[in-house]
Amino acid sequence: MDRGVGLRIRQLCSGLQRRAGVKQQCLFGHVVPARQCSSRGYTDDGDRALLDRVIRVDHAGEYGANRIYAGQMAVLRRSSVGPIIQHMWNQEKDHLKKFDELMVANRVRPTILLPFWNVAGFVLGAGTALLGKNGAMACTVAVEETISNHYNNQIRTLMERDPEKHKELLQTLKKFRDDEMEHHDTGLEHDAELAPAYSVLKTVYTSRMPSSCLFI
């Protein structure tokens, strides 16, 4: 990394630390608050571990999705699907902001794979967008289906555990799950299945991207 850019990032992080009054970790320009208030009464070890895992994997997933849409917009910003991709990206930004807040409130560390998703997500988004509109939409369908499945699995687990105790988190997960499925359906409506890479992307994301790879 260029020394000037690195210095600017460190200065930005320091400024945010002073304003927020918390220690923070800066990964490839993405500032993740490391610690702040209590964990909202999650004293049971099982609940604590579950909460950590859910927030960490969802934060990583939303971070990766943001980078994918950033890559797509870098290529297709001026195309007919530019406004559609921007709309989906704006929703993903809201999702990531919420999980940033949840990480602070519950003192959850981010996955060590954030630097990987920073680069890989952008490359995946830009690479599929270079195949054209259909390629970008095929990527959207594959990624959003995988993220939606993660949310559904987490919702089932929290419902079985204690739906009342996890009520607020469940509401967030259900809302975000619905947004992801909306993106999935949007991709299908815009000819994702016509992309040459459609079957490949579906296979890679549905069978070779287990959520456990984000828990690190």
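Quantities reported herein were computed from a predicted structural model and do not represent experimental measurements.

**Comments concerning the UniProt feature "binding site: Fe cation 1" (unreviewed entry) in the protein**
When the UniProt feature table is mapped to this numbering, "binding site: Fe cation 1" (unreviewed entry) covers Glu62, Glu92, His95 and Glu180. A maximum C-alpha distance of 10.2 Å among these annotated residues, which run over 119 residues, shows that they cluster at one spot. Here Glu92 is to be found in helix α3 (residues 82-106). If sequence neighbours within four positions are ignored, Glu92 has contacts with Glu62, Ala65, Asn66, Tyr69, Glu144, Glu180 and His183.

**A look at the UniProt feature "binding site: Fe cation 2" (unreviewed entry) in the protein**
Cross-referencing UniProt, the feature "binding site: Fe cation 2" (unreviewed entry) maps to Glu92, Glu144, Glu180 and His183 in the present numbering. For the residues just named, distributed over 92 residues, the greatest C-alpha separation is only 10.7 Å, placing them together at one site. With respect to the element layout, Glu144 can be found in helix α5 (residues 133-161). What Glu144 contacts, discounting residues up to four positions off in sequence, is Tyr69, Glu92, Glu180, His183 and His184. A relative accessible area of 0% means that His183 is categorised as buried. Not counting residues up to four positions away in its chain, the partners in contact with His183 are Tyr69, Met88, Gln91, Glu92, Thr140 and Glu144.

**A few points about the environment of Leu51**
Take Leu51: it is sitting in helix α2 (residues 45-76). Judged by relative accessible area, which is 4%, Leu51 ranks as buried. With 55 residues separating them along the chain, Leu51 and Asn106 place their C-alpha atoms 8.3 Å apart.

**A word on the confidence of the model for the protein**
Put simply, the protein has an average pLDDT of 80, and 73% of its residues get 70 or more. Throughout residues 1-43 the model reports pLDDT below 50, and contacts reaching past four residues in sequence, or to other chains, amount to 64 contacts. Confidence over residues 210-215 falls short of pLDDT 50; this stretch has 13 contacts with residues more than four positions distant or in other chains.

Rules behind the numbers
Residues numbered from 1 in each chain as written. Predicted model: local features only at pLDDT ≥ 70, side-chain atom pairs only at ≥ 80, totals over all residues. Heavy atoms only, no water. UniProt positions renumbered as here; feature names shortened; annotations may be inferred. Helix = DSSP H or I, 4+ residues; strand = E, 2+ residues; numbered from the N terminus. Contact = heavy atoms within 4.5 Å. Buried < 20%, exposed > 50% of the residue type's maximum accessible area, 1.4 Å probe, protein only. pLDDT = per-residue confidence, 0-100.

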